Amino acid sequence: MAEPLLRVEKLVRRFGGIIATDHVSLDVAQGELHAIIGPNGAGKTTLIAQLTGHLTPNSGSIWLGGRDISGLPAYRRSALGLARSFQITSLLTDFTAADNVALAAQAHDGHSFRFFADARKERGLREAAHAALERVGLTHRADVLVSRLSHGEQRELELAVALATRPKLLLLDEPMAGLGATESGRMVRLLQELRREVSIVLVEHDMEAVFALADRISVMVYGRVIASGLPSEIRRNEEVKRAYLGEQHVVVRHG
Amino acid sequence: MSKGLNARQAVAALTVAGLVLLPLYSHLTGNIFVLTLFTRIVILAMAAASLNLIMGYGGMMSFGHAAYLGIGGYAVGILAQEGVGSGFIQWPVALAASALYAVVIGALSLRTRGVYFIMITLAFAQMAYYVASGLARYGGDDGLTIYKRSDFSGLVDLSNRVQFYYLCLACLLGAVFLIWRIINSRFGLVVQGLRSNEQRMQAIGFPAKRYRLVCFVISGTLCGLAGALLANNTDFVSPAMMYWTRSGDLMVMVILGGMGTLFGPVAGAVAFLVLEEVLSQVTEYWALIMGPLLLLIVLFGRGGIMGTLGRLDRG
Amino acid sequence: MLLLVEQILNGLQFGLLLFLLAAGLTLVFGIMDLVNLAHGSLYMMGAYFAATFAAWTGSFLLGALLALGATLVLGIVLEVTALRHLYGRDHLDHVLATFGLILFFNEAVRLIWGPAGLALPLPSWLSVPVEILPGVYYPAYRLAIIVVALAVALLLYLGVMRTRIGMLIRAGASNREMIGALGINIKLLYTLVFGLGAVLAGLAGLMQAPILTVQIGMGENILILAFVIIVIGGIGSIRGAFMAAIFVGMIDTLGRAFLPDLLRQVLNSAAASTAAPALSSMLIYLLMALVLVVRPEGLFPANRR
């Protein structure tokens, strides 16, 4: 088996007395869509934060494309091809949609110590931005301030921003959170297309979406991965049923 | 944005036109005082504009910006005292000293956030203030008189009131132009992005601290130039130039005019200093009115002059 | 040796005074999240009130008591009319608005009491030296400051740690939403806390008054020191404020006392006497910078968020 794109080994993160990440190991192969599910408070977002470098693990290591990135700051990981979307929409709200995406493209197009030329007139950046916006179907909203976009549009923009960094691996933290049925459907179709181009780690509560999309699923409970495998295996797994799927209706309501 | 001038642009254009024509008015009416007053205003407007770059666009609330006025000023004063009268040496030294101070202070201060940043910049400025008070050779607490203004080998004569005024105005407009280019450049967008959402900027691949530091240094250097001008204007430098209330004044100008707007600090400086002048003519106790006025501006005048005009434009 | 004991006591006395100022500031900061530059003005007003009332009544103690009451009233009026409307606003707004208040207070004092300073003479029973160790004399008044300030610090500590109000105050300093959830009248609590801070500032001002002259702007430098202290100690932490205040008081006093002699060994005496006070003032800011670089949240951060 070839070297996995992302390899997480025995990752541990504590907050005071609580172990939020308890010796988590995880492999994501090239081209795979790997879903991470688990009840609220299972430590999914904490795990994502460590993968992106916003949080430092207490021990364990993270490898991207065969390279140890455990000690790198967030911006260096981004340069190596790791992109994320945030669970709670986190955009530059006083910028337009196009500016948000163009900045992401700019981050990966040489340094930004250019002080004089108007960056909004750089064709390369604008074209990259429009390509990413088109990808998620937001072209017509390019010049609208983010604060005036609908929630669904902001979720899509999150994706466009991540895409504009031309990532190898996309970490999506609950991209369907707060979306209505129609918007969710659109998001699923969008991810269906994207997975052909880029490997994805998907944290999501929407079980229907997860089982429709994922190649493999890992289940987290109380900071630990209790099961990992094909969707069909996870569906049959007794421990998962007991710990999680059995109370799915409760979780979804919380979600 | 609609065609033609909106209210903000109109006010900016009128302010610039007024500043350009001011020496003519002074000449025609024989009112020399107004020229002296406005030379000071133009210089402090430049300091405020430089503060606005980090405060308004970069989200870095520095409460120690007056330190650069002092450093730029003392560079000129000390060199003059030591017999180096040429502006071609004095001014670059003033800029370099300010930049160097900004690099050191910025590298340390930018480790902190929020109120802590406000306080640490204040503390460093107070330190600079005490350093200046301790310079026995250069007057200590009493300050240092500059007997000869910076000499530019006949290019401009700084002792000529009108020439000096126009030099200051050129520096101000040059600074505003530079800031305008910067805020629309790649660099400027990054800095503004960091103000808006640092975590997001890191996630898409920008090393935050580096960009912030460079912005901090640009701002400090510009303010150092204002300091060199101020020293020439008053023919005198003293620790009081960097006292914390002076930093407070600069903040007031920026906020009064409209933080994060290009012309806001200029409008703010003109409004603040003219108001101060007018009030002090009306009553000896002008601060009795100015103080509560500031409070009211904070409570009701969100966005300052430019913010209010902006609301006017949108109707 | 004698000099050292005396200077250490002076440092302690100054540190305690700073603590009184910083305690109110850090409470207001920790609980209402308000940056109040005008805190130094309350300190100044305490001194002016005391000087005036002492002259009227002819009694130092009566004057001091009246001054404390007056500062309390002033603080409450200030909170209700102006500062209350700043809660929840940007820190920058606080800085600007309270900067305006400083201008106002300084000018008001100039209008009422004139530009020249006032003196607050000590009663004779406080102006004698006391023998604290065999052969070591120390001014009774400074000793009284130490005793009063320590007592107030102890009361404050007990009040905050043991009483119901104190519990609320601590809860508020670490979690602002919580006191709201407990159904407490937040407005009233805020006014009380601000009033308490004002009284502490006024007390510090009036106790300092007989040592220095009572003058306009006397609250400004010491306010910055108080800010330095709460930043070093960690915003919202009374304990941190206490430690940092003593520390800063010592450095400032001992620096001023001994640096000139130290410097004279390397500089000529005129240069040394100019440079020394500057250097000792610098030391404090250097210390603060150092603390912030190493521990950006201060030495004893209160559990915020």
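Above this text sits the structure in question.
All figures in this text were calculated on a predicted structure; none of them were measured in a lab.

1. Let's talk about the overall build of chain B
In step 1: On a plain count of helices and strands, chain B comes out with 13 helices and 2 strands.
In step 2: Relative to the compact-globule value of 20 Å for 315 residues, chain B shows a C-alpha radius of gyration of 19 Å, a close match.
In step 3: Per-residue burial over chain B gives 57% buried out of 315 residues.
In step 4: Restricting to contacts in chain B with at least 6 residues of sequence separation, those with at least 24 account for 77%.

2. Description of helix H1 (residues 2–32) of chain C
In step 1: Helix length check: H1 of chain C, at 31 residues, gives a terminal C-alpha distance of 45 Å against a target of 45 Å (1.5 Å per residue), a fit within 8%.
In step 2: Of all 31 residues that make up H1 of chain C, 22 are buried, and the element is covered over most of its length.

3. Focus: the interface of chain B and chain C
In step 1: At the interface, 38 residues of chain B touch 39 residues of chain C.
In step 2: Those elements that place two or more of their residues in the side of chain B that touches chain C are helix H5 (114–133), helix H10 (244–257) and helix H12 (287–300) of chain B.
In step 3: Tallying contributions element by element places H5 of chain B first for the side of chain B that touches chain C, with 14 residues.
In step 4: The residue inventory of the side of chain B that touches chain C, partitioned by class, reads 29 nonpolar, 8 polar and 1 charged.

4. Some details on the arrangement of the chains
In step 1: Here the protein chains form 2 pairs of chains in contact, of which the pair with the most contacts is chains B and C.
In step 2: You won't find any contact between chain A and chain C; their C-alpha atoms come no closer than 13 Å.

5. Describing the pairing of strand S1 (residues 6–15) of chain A
Within a regular strand, the side chains alternate between the two sheet faces.
Residue and element names in this part refer to chain A.
In step 1: The pairing of S1 with strand S2 (residues 18–28) spans 7 bridges and is classified as antiparallel. Counted as the bridge partner of Leu 11 is Val 24 from S2.
In step 2: Counting the residues that bridge the hairpin from S1 to S2 gives 2 residues, and of these Gly 16 lies at a positive phi of roughly 60°.
In step 3: With 5 bridges joining them, S1 and strand S4 (residues 59–64) adopt antiparallel strand pairing. By the bridge assignment, Glu 9 is partnered in S4 with Ser 61.

6. Considerations on the environment of Ile 251 of chain C
Residue and element names in this part refer to chain C.
In step 1: Positionally, Ile 251 belongs in helix H10 (residues 238–264).
In step 2: On the basis of neighbour count, Ile 251 is assigned to the partly exposed category, with 19 C-beta atoms found within 10 Å.
In step 3: Distance in space between the C-alpha atoms of Ile 251 and Gly 217 is 23 Å, their sequence separation being 34 residues.

7. As for the pairing of S4 of chain A
In step 1: One ladder, built from 2 bridges, connects S4 of chain A with strand S5 (residues 67–68) of chain A; its direction is antiparallel. Bridge pairing in S5 of chain A places Trp 63 of chain A opposite Asp 68 of chain A.

8. Things to note about unusual backbone geometry
All names here are of chain A.
In step 1: Although it is not a glycine, Tyr 222 adopts a positive phi angle of roughly 50°.
In step 2: Inspection of the secondary structure assignment puts Tyr 222 in the loop between strand S9 (216–221) and strand S10 (224–229).
In step 3: Taking the C-beta count within 10 Å as the criterion, Tyr 222 has 15 such neighbours and is therefore assigned partly exposed.

9. Some details on the sheet that holds S9 of chain A
Residues and elements named next belong to chain A.
In step 1: Spatial ordering of the open sheet is given by S6-S7-S8-S3-S9-S10, a layout of 6 strands whose pairing is mixed. Of all strands in the sheet, those bounded by a partner on one side alone are strand S6 (82–85) and S10. Neighbouring strand axes in the sheet, compared pairwise and without regard to direction, differ in orientation by 15° on average.
In step 2: Examined bridge by bridge, strand S3 (residues 33–37) and strand S8 (residues 199–203) share 4 bridges and lie parallel to one another. Along S8, the bridge assignment pairs Ala 35 with Leu 202.

10. Description of the nonpolar core
In step 1: Core analysis: the largest hydrophobic core is formed by 289 residues, its most contacted members being Val 101 of chain A together with Leu 21, Val 228 and Ile 229 of chain C.
In step 2: When residues of this core are assigned to domains, at least three fall in each of domain 1 (1–81 + 169–255) and domain 2 (92–166) of chain A.
In step 3: Not counting residues up to four positions away in its chain, the partners in contact with Val 101 of chain A are Ala 129, Ala 132, Leu 133, Ala 160, Val 161 and Ala 164 of chain A.

11. Some remarks on the sheet that holds S4 of chain A
All names here are of chain A.
In step 1: One open sheet holds the 4 strands; their spatial order is S2-S1-S4-S5, and the pairing between them is antiparallel. The strands lining the two open edges of the sheet, one partner per strand, are S2 and S5.
In step 2: Contacts from helix H1 (residues 44–52) reach S1, S2 and S4, with the element oriented near 60° to S2.

Basis of the calculations
- Residues numbered from 1 in each chain as written.
- Chains lettered and ligands numbered in written order.
- Predicted model: local features only at pLDDT ≥ 70, side-chain atom pairs only at ≥ 80, totals over all residues.
- Helix = DSSP H or I, 4+ residues; strand = E, 2+ residues; numbered from the N terminus.
- Rg over C-alpha atoms; globule rule 2.2 N^0.38 Å.
- Buried ≥ 20, exposed ≤ 12 C-beta atoms within 10 Å, placed from the backbone.
- Contact = placed C-beta atoms within 7 Å.
- Expected span 1.5 Å × (residues − 1).
- Nonpolar A, V, L, I, M, F, W, Y, C, P; charged D, E, K, R; others polar.
- Pairing = 2+ DSSP bridges.
- Axes fitted to C-alpha atoms, helices over the stretch in contact; angles between N-to-C directions.
- Core = buried A, V, L, I, M, F, W, Y, C linked by C-beta atoms within 7 Å.
- Domains from an automatic or database assignment.

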